[in-house]
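Coordinates in review
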Amino acid sequence: MILIKLGGSIITNKEKPLSARKKTIDNLAKSLKKIQEPIVIVHGGGSYGHYWSVKYDMHTKEKKYDLRGVAIVKNSMIELNKIILDSFLKNKLKPYCLPPTDFMAGNKPITKKVREIEKISKSGLIPVTFGDALWYGQNKTFILSGDKIMTHIAKILKPKLCIFALNEDGVYSDLKSKELIHELKGERPLISENKMDVTGGMTRKIEEASKISKMGMNVFFVNGNKPERIVKAVKNRKFEGTVFRGK
Ligand code: IP8
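From a predicted model like this one, the values you see are computed outputs, not experimental measurements.

Considering the packing of helix H3 (residues 46–55) against helix H4 (residues 67–90)
Look at H3 against H4: their axes get within 8 Å of each other, and the N-to-C directions meet at 170 degrees. Here H3 is positioned roughly antiparallel relative to H4, judged by the angle of their axes. On H4, the residues that touch Tyr-48, Gly-49, Trp-52 and Ser-53 of H3 are Ile-72, Val-73, Ser-76, Met-77, Glu-79, Leu-80 and Ile-83. Residue classes in the contact of H3 with H4 are distributed as 7 nonpolar, 3 polar and 1 charged.

Written as structure tokens, this is what we have:
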């Protein structure tokens, strides 16, 4: 099984609230069609979930947030999710919509439900889940990042490969020269923060990718604008991006 995260910055235009990059999503779907093994998709919030989370000051910490904010964030994620499901269907994939409430209890994954995700993907359906605002208990909620979902699923299902499709070529050693780091083996590169992103943007991705690679799986960061690179990564061809080598 291959676990793929479609980052919010690739599927939406982060500069413009509530704008999905439909052409890019279609191109990603066309490339995913070329993958001959079970896949599971997680997507981020981009200018949908993050736009509203910032407006209502909602974060990953469990707290009593404005309930209207919770409702609006959730609603916006459903809207973005629907755009992705529609694109997948149009491109002859068989998506299976799976909101994170299906396999999360508070901030913990429900192992039995996560195992079911693998069975669904092996049937030929493509489970599609996403970062979201979630109920925690005692009137508290929190923002669950799609990057965290990647780690939860990877830990239980041990996919053959984890891929993060980004709006960049991978991790850069220098942001100015955009010099790409081809391989990381546990070390943490320094990166700048993005205030638009309540779940931590690139820092969070690198943190989760490091955790997953420490569990023994390879994690690839690839440019989602060049989706054939995802196919190449899966087919073990010449890889363009950053690899977090599993130990
Ligand atoms: O973009 C967070 O998911 P991410 C989604 O994967 C929301 O961090 C609701 C902000």
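Topic: the site of the ligand
Around the ligand there are 16 residues in total, and Lys-5, Gly-45, His-50, Gly-146 and Thr-199 lie nearest to it. Coverage of the ligand by the protein amounts to 98% of the 320 Å² it exposes when considered alone. Put simply, the parts of the chain that give the shell around the ligand at least two residues each are H3, H4, strand S8 (140–144) and helix H6 (146–157). Broken down by element, the shell around the ligand gets its largest block of residues, 3 residues, from H3.

Some remarks on unusual backbone geometry
Even without being glycine, Lys-92 reaches a positive phi, approximately 65 degrees. Looking at where Lys-92 falls in the secondary structure, it is placed in the loop between H4 and strand S3 (95–97). At Lys-158, a position not held by glycine, the phi torsion is positive, near 45 degrees. The residue Lys-158 is located in the loop between H6 and strand S9 (161–166) in this model. Overall, Lys-158 belongs to the partly exposed group, its relative accessible area being 46%.

What counts, and where the lines are drawn
- Residues numbered from 1 in each chain as written.
- Predicted model: local features only at pLDDT ≥ 70, side-chain atom pairs only at ≥ 80, totals over all residues.
- Heavy atoms only, no water.
- Axes fitted to C-alpha atoms, helices over the stretch in contact; angles between N-to-C directions.
- Helix = DSSP H or I, 4+ residues; strand = E, 2+ residues; numbered from the N terminus.
- Parallel < 35°, antiparallel > 145°, perpendicular 65-115°, else oblique.
- Contact = heavy atoms within 4.5 Å.
- Nonpolar A, V, L, I, M, F, W, Y, C, P; charged D, E, K, R; others polar.
- Near = heavy atom within 4 Å.
- Areas by Shrake-Rupley, 256 points an atom, 1.4 Å probe, with all protein chains shown as cover.
- Buried < 20%, exposed > 50% of the residue type's maximum accessible area, 1.4 Å probe, protein only.

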